[in-house]
Amino acid sequence: MAKLTFKEELCKGCGLCVNACPKGLLALAQGRLNQKGHTPVELTRPEECVGCASCAIMCPDCVITVER
Amino acid sequence: MVVFEKPKALTDKVFHYCPGCTHGIIHRLVAEVIDELGIEGQTIGVAPVGCAVLAYDYFACDMIEAAHGRAPAIATGVKRSMPDKVVFTYQGDGDLASIGMCETVSTAARGENVTIIFVNNAIYGMTGGQMAPTSLIGQVTQTSPYGRDPKTQGYPIRVCELLATLDAPQYLERVTVNNVKNVRNAKKAIKKAFQNQIEGKGFSLVEVVSACPTNWGMTPQKALEWIDEKMLPQYPLGCYRDKDQEV
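Throughout this description, residue numbers start from 1 for each chain and increase along the sequence as written. Whichever chain is written first becomes A and whichever ligand is written first becomes 1, with later ones labelled in order. Local features are withheld for residues below a pLDDT of 70 in this predicted model, meaning they are given only at 70 or higher, and side-chain atom pairs are given and counted only at 80 or more; totals for whole chains, interfaces and linings count all residues.

Looking at the overall build of chain A
Then comes step 1: Strands here mean DSSP runs of E at least two residues long; helices mean DSSP runs of H or I at least four residues long; both are numbered from the N terminus. Assigned secondary structure in chain A consists of 2 helices and 4 strands.
Then comes step 2: Starting at the N terminus, the α and β elements of chain A follow one another as β-α-β-β-α-β.
Then comes step 3: The globule rule is 2.2 Å times the number of residues to the power 0.38, and the radius of gyration it is compared with is taken over C-alpha atoms. Whereas a compact globule of 68 residues would reach a radius of gyration of roughly 11 Å, chain A reaches 11 Å, a difference of no more than 12%.
Then comes step 4: Dimensions of chain A along its principal axes, counting C-alpha atoms only, are 30 × 20 × 20 Å.

Topic: the sheet that holds strand E1 (residues 2–4) of chain B
Then comes step 1: Two strands are counted as paired when DSSP detects at least two bridges linking them. Judged by pairing direction, the sheet is antiparallel, and its 3 strands sit side by side in the order E1(A)-E4(A)-E1(B) without closing on themselves. At either end of the open sheet lies a strand with only one pairing partner, and these are strand E1 (3–6) of chain A together with E1 of chain B. Going across the sheet, the axis of each strand differs from the next one's by a mean of 30 degrees, ignoring polarity.
Then comes step 2: As judged from the 4 bridges shared by E1 of chain A and strand E4 (residues 64–67) of chain A, these two strands associate in the antiparallel manner. What sits directly across from Leu4 of chain A, in E4 of chain A, is Val66 of chain A. Inter-axis angles, ranging from 0 to 180 degrees, are taken between N-to-C directions of lines fitted to C-alpha atoms, where helices are fitted over the stretch in contact.

So, the sheet that holds strand E4 (residues 86–92) of chain B
Residue and element names in this part refer to chain B.
Then comes step 1: The 7 strands lie next to each other as E3-E2-E4-E5-E7-E6-E8, forming an open sheet whose pairing is mixed. Each edge of the open sheet carries a strand with a single partner, namely strand E3 (62–65) and strand E8 (238–242). With strand direction ignored, the average angle separating the axes of adjacent strands in the sheet is 20 degrees.
Then comes step 2: Contacting strand E2 (43–47), E4, strand E5 (115–120) and strand E7 (204–209), helix H1 (residues 23–37) crosses the sheet at an angle of about 165 degrees to E5. The contact criterion used is a C-beta to C-beta distance within 7 Å, with each C-beta placed from the backbone.

That's the geometry; what it means functionally is another story.
This is the structure we're talking about:
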């Protein structure tokens, strides 16, 4: 099973990972901000993630670590 | 098992880049290549003036900050005095294609054994979105508010094609980072550019067509689509010189 870890304080909420996920599993958080004032990304259905790392490859800020 | 994490050749310093800026992706690719080749301890990078001016804080290898546009000249001096080191520059289009065009062309013409990572986003980012030599025809910038008009502002410069008229360069390739596949291809090109230097083959330059969502006035995702729609017709991807492939 794949596991994504987010360094949430590095996230700038650009959403490039959201569009990169082939299964559409990522979304920007609703109603909360990180310390920088950005809306951080969240994994909506962790059980469906296969750990393809497309999100991490498109992330400009090295927010995401992928384990499989 | 960890299949993706931040490369060791990047420091813990948080990137100052705007949300969605592809500089972060390109920094990471360079760092991944440094990690994979195991050359962090013997690599010396040269940072530009422009948005990437603080690159010296982000790469864990030794770094030098060059005067505006002079990174290839600095890299020449470092490489000639310490030929066993791996020397790369990381420059934007304002740095490499405008004020630094002389150093770029001269270094390429001499075939210096250095690696140049050229980030082309067709605008001056750090100073607030002025027209660059690489800005597209009709592109609205702070200094071309009605769109770039070739009658008064000339045509965009294609750096890879320009350098491909020279005899000396070993490797010239244009890549982009606007989707996962293109990021993977960009990494292959950057790795080849470093390997060429390690093997003593000579001047290698990788042009990365990049996005500037802030100064283009778009969302980060729209900016990546704009690369496909507008940038790539002007700046076609591909290899413009690879002496390895020549007979």
